[in-house]
Amino acid sequence: MEHAADVPERLTRSLDQGPVNDYDRFAEAYAAENENSLVNAYYERPAMLALAGDVTGRRVLDAGCGSGPLSAALRDRGAVVTGIDVSAAMLALARRRLGDDVALHVADVSERLPFADGSFDDVVASLVLHYLEDWGPALGELRRVLRPGGRLIASVEHPFVAYTFQDPRPDYFATTSYSFTWTFGGQSAPMTFWRKPLHAMTGAFTAAGFRLTALDEPQPDPAARELFPDAFHDLATRTTFLFFVLEVPLPTDGSDGGPAAGSRP
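Computed from a predicted structure; not experimentally measured.

Student: I tried to follow the environment of Y172 on my own but got confused; where do I start?
Tutor: Looking at the secondary structure, you find Y172 in the loop between helix 6 (159-165) and strand 6 (176-184). Since its relative accessible area comes to 16%, Y172 is described here as buried. Leaving out residues up to four positions away in the same chain, Y172 has contacts with P159, F160, Y163, R195, P197 and L198.

Student: Please explain the nonpolar core as it appears in this structure.
Tutor: A general tendency of soluble globular proteins is for nonpolar side chains to be buried together. By size, the foremost hydrophobic cluster in this structure holds 32 residues, and its most contacted members are L74, L104, V124, I153 and F243. Looking at this core, the element that brings in the most residues is helix 2 (residues 38-52), giving eight residues. Apart from the residues within four sequence positions on either side, L74 is in contact with L49, A52, V55, V60, A79, V81 and V124. In terms of nonpolar packing, the next biggest core, distinct from the first, is built from 31 residues, A63, A125, L139 and V248 among them.

Student: What exactly am I supposed to notice about the environment of F232 here?
Tutor: Residue position: F232 is located in helix 9 (residues 232-236). Judged by relative accessible area, F232 falls into the buried class, the value being 5%. C-alpha separation for the pair F232 and P220, spaced twelve residues apart in sequence, amounts to 7.8 Å. In this structure F232 touches L38, P220, D221, P222, A224 and R225, once residues within four positions along its chain are discounted.

Student: Please explain the side chain of E44 as it appears in this structure.
Tutor: When you line up the elements, E44 lands in helix 2. There is no salt bridge for the buried E44, and the closest opposite charge comes from R45, which lies 5.7 Å off by N-O distance.

Student: Any chance you could explain the sheet that holds strand 2 (residues 80-85) here in plain terms?
Tutor: Two strands in a sheet stick together by hydrogen bonds in their backbones, pointing the same way (parallel) or opposite ways (antiparallel). Here seven strands make up an open sheet; going across it, the order is 3-2-1-4-5-9-8 and the pairing mixed. The open sheet is flanked by strand 3 (103-106) and strand 8 (211-216), the only strands paired with a single partner. Neighbour-to-neighbour, the strand axes of the sheet open up by a mean angle of 15 degrees, direction not taken into account. Bridge count between strand 1 (residues 59-63) and strand 2: five bridges; the pairing is parallel. When the bridges of strand 2 are listed, V60 appears paired with V81.

Student: Hey, could you run me through the confidence of the model for the protein chain in this one?
Tutor: In regions of low pLDDT, the predicted coordinates are not meant to be interpreted in detail. Across the protein chain, pLDDT averages 88, with 88% of residues at or above 70. Confidence drops under pLDDT 50 across residues 1-17; counting only partners more than four residues distant or on other chains, this segment forms 75 contacts. Every residue in residues 259-265 is under pLDDT 50, and counting partners more than four places away or in other chains gives 15 contacts.

Student: So what exactly am I meant to see when it comes to a nonpolar patch on the surface here?
Tutor: On the surface, a nonpolar cluster with roughly 220 Å² of combined accessible area is contributed by L198, L212 and L215. Tracing the backbone through its elements, the reader meets L215 in strand 8.

Student: So what exactly am I meant to see when it comes to the pattern of salt bridges here?
Tutor: One side chain can pair with another of opposite charge once the charged atoms of both are near each other. Per the stated rule, a full pass over the model turns up twelve salt bridges. A salt bridge links E247 to R211; the nearest nitrogen and oxygen atoms lie 3.0 Å apart. Residue E247 is located in strand 9 (residues 241-247), and its partner R211 is located in strand 8; the two are separated by 36 residues in the primary sequence. On the basis of relative accessibility, which here comes to 24%, the residue E247 falls in the partly exposed class. Taking the relative accessible area as the measure of exposure, R211 reaches 43% and is therefore partly exposed. Put simply, D234 and R238 hold a salt bridge, and the shortest N to O gap is 2.8 Å.

Student: Sorry, what's going on with the environment of D108 here?
Tutor: The residue D108 is located in the loop between strand 3 and strand 4 (120-126) in this model. Residue classification places D108 among the partly exposed positions, given a relative accessible area of 28%. Linking D108 and A138, residues 30 residues apart in sequence, is a C-alpha distance of 8.6 Å. Discounting chain neighbours no more than four positions away, the residues touching D108 are V86 and L113. A distance of 2.9 Å separates the side chain of D108 from the backbone nitrogen of S110, its partner in a polar contact.

Student: Help me understand helix 5 (residues 136-145) in this model?
Tutor: In an α-helix, one full turn covers 3.6 residues, which means residues spaced three or four apart are oriented alike. Most of helix 5 is tucked away, with eight of its ten residues classed as buried. Among the residues of helix 5, those classed as buried are A138, L139, G140, E141, L142, R143, R144 and V145. Residues of helix 5 that are buried sit in contact with strand 1, strand 4, strand 5 (146-157) and helix 7 (198-207).

Student: Honestly, the packing of aromatic side chains in this entry has me stumped. Any pointers?
Tutor: Both the distance between ring centres and the angle between the ring planes are used here to describe each pair of aromatic rings. Applying the stated criterion to the full structure yields 19 aromatic pairs. With a centroid separation of 6.1 Å and an interplanar angle of 15 degrees, the aromatic rings of Y30 and W182 are classed as stacked. Of the two residues, Y30 sits in helix 1 (residues 27-36) while W182 sits in strand 6, which places them 152 residues apart along the sequence. With respect to class, Y30 is no different from W182; both count as buried. Ring geometry for W182 versus F193: centroids 6.1 Å apart, planes at 70 degrees, classification edge-to-face. Linking W182 in strand 6 with F193 in strand 7 (residues 187-195), this pair joins segments that are eleven residues apart in sequence. Assigned by exposure class, W182 and F193 land together as buried. Among the aromatic residues, ring-to-ring pairing joins Y23, F26, Y30, Y131, Y178, F180, W182 and F193 into one connected group.

What counts as what
- Residues numbered from 1 in each chain as written.
- Predicted model: local features only at pLDDT ≥ 70, side-chain atom pairs only at ≥ 80, totals over all residues.
- Heavy atoms only, no water.
- Helix = DSSP H or I, 4+ residues; strand = E, 2+ residues; numbered from the N terminus.
- Buried < 20%, exposed > 50% of the residue type's maximum accessible area, 1.4 Å probe, protein only.
- Contact = heavy atoms within 4.5 Å.
- Core = buried A, V, L, I, M, F, W, Y, C linked by side-chain atoms within 4.5 Å.
- Lys, Arg positive; Asp, Glu negative; His and termini not counted.
- Salt bridge = Lys/Arg side-chain N within 4 Å of Asp/Glu carboxyl O.
- Pairing = 2+ DSSP bridges.
- Axes fitted to C-alpha atoms, helices over the stretch in contact; angles between N-to-C directions.
- pLDDT = per-residue confidence, 0-100.
- Patch = residues over 30% accessible without salt bridge, like charges linked within 9 Å, V, L, I, M, F, W, Y side chains within 5 Å.
- Areas by Shrake-Rupley, 256 points an atom, 1.4 Å probe, with all protein chains shown as cover.
- Polar contact = N/O pair within 3.5 Å; in protein donor to acceptor, adjacent residues only side chain to side chain.
- Phe/Tyr/Trp six-rings, centres within 6.5 Å; stacked < 30°, edge-to-face > 60°.

Pasting the structure below:
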């Protein structure tokens, strides 16, 4: 699920406002914020699209598509896009945006996905994995639905973010949760994310059968400098997100390059 992500100055565990990470409760307000924000529209999405490159004719799964802005951009670049999200309310907004051009499914990326093995050339997972304590089941499923030679393009909150902002500072080498409250459109939403050290992230990708081909820490779109003069310098000079491009290795033994050992049948 793409999320607006100006990291708050203070992270808190005060989550007395209802269920955490419940996008159904604030879908409209979140989608409006996400549409043109500095962090999403001028930093995260352009970076994902740049890493994806030419997607003409490629079958792309947008895992955690939210209200569909990345799906729409990929479709407009010639991709055949399918979107999944755990939030029915966000998918309703995506359907309003995308019409019938994109197949949309309510699905949890950590559970069995409704697709055959090798269904996609690419998976984009935009700000999704850091909602999960254990990346293994999700990565196993994304690996399964990718063809040999296919790519997973993923963005996550940079592991330095919570380590830098949280007080007391957590053990960098531990997988830890951190919680805070988002406020936008007059609504407050309790959120919980999980941070991992970098080696745990790359280890999870390798264990799922992926090969890392790129790791990126991009800059925001220069066009945002005039649109967001007060916030642009801050975003351009601090860690925010980390981007990965991972490949499913081509088989070398004549096999069909099926799911990695340990992925679910």
